[in-house]
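Residue-level structural notes
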Amino acid sequence: MNHSAEPDDMPGLSVFEKSCAYCGARFRVLASHLPRQDVPEAYACPECGKHYELESAVEPEVRLLKPRSDGKQDRYQETMF
Ligand SMILES: [Zn+2]
């Protein structure tokens, strides 16, 4: 019996596009996945800095596709308690 070639053991890459809920910028997120090594990782909107989270093995890579659409220059203020 050989279980070393199970599909679940294959590293994966997920790529998706996201619109920032705060400033309207559009960006692409690349996340690498490894079996049993995915942890909640934070990534930030490249335009306003708002943080989002996903499950990934390493820190996600973010590429800006479309600049923010709200016409402002401010940074998103994370509410910390
Ligand atoms: Zn943003």
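Because the structure is a prediction, the values reported are computed rather than measured.

Within the chain one finds 0 helices and 5 strands. Listing the helices and strands of the chain from first to last along the sequence gives β-β-β-β-β. Counting over 81 residues, the chain shows a buried share of 14%. Pairs at least 24 apart in sequence give 47% of the contacts found in the chain among residues at least 6 apart.

A few words now on the environment of H33. With respect to the element layout, H33 can be found in strand β2 (residues 26-33). For the pair formed by H33 and P11, sequence separation is 22 residues and the distance between their alpha carbons is 5.6 Å. What H33 contacts, discounting residues up to four positions off in sequence, is P11, G12, S14, D38, S56 and A57.

Ordered by their spatial adjacency, 3 strands build an open sheet running β1-β2-β5, and the pairing between neighbours is antiparallel. The outermost strands of the open sheet, each flanked by one partner alone, are β1 (12-19) and β5 (61-66). Each adjacent strand pair in this sheet contributes to an overall mean axis angle of 20 degrees, direction not counted.

Here we take up the environment of C48. One can find C48 in the loop between β3 (39-44) and β4 (51-56). Distance from C48 to R68, taken between C-alpha atoms, is 8.1 Å for residues 20 residues apart in sequence. Look past the residues within four positions of C48 in its chain and what remains in contact with it is C20, Y22, C23, R68, R75 and Y76.

Bridging between β3 and β4 involves 6 bridges; their strand directions are antiparallel. What sits directly across from P40, in β4, is E55. Two successive antiparallel strands, β3 and β4, enclose a turn made up of 6 residues, where G49 displays a positive phi of approximately 85 degrees.

Now for the environment of F16. Tracing the backbone through its elements, the reader meets F16 in strand β1. Separated by 15 residues in the primary sequence, F16 and A31 have C-alpha atoms spaced 8.8 Å apart.

When the pLDDT values of the chain are averaged, the result is 89; 84% of them are 70 or greater. Considering each helix and strand of the chain separately, the mean pLDDT is smallest for β1, with a value of 95, and largest for β5, with 98.

Calculation rules
Residues numbered from 1 in each chain as written. Predicted model: local features only at pLDDT ≥ 70, side-chain atom pairs only at ≥ 80, totals over all residues. Helix = DSSP H or I, 4+ residues; strand = E, 2+ residues; numbered from the N terminus. Buried ≥ 20, exposed ≤ 12 C-beta atoms within 10 Å, placed from the backbone. Contact = placed C-beta atoms within 7 Å. Pairing = 2+ DSSP bridges. Axes fitted to C-alpha atoms, helices over the stretch in contact; angles between N-to-C directions. pLDDT = per-residue confidence, 0-100.

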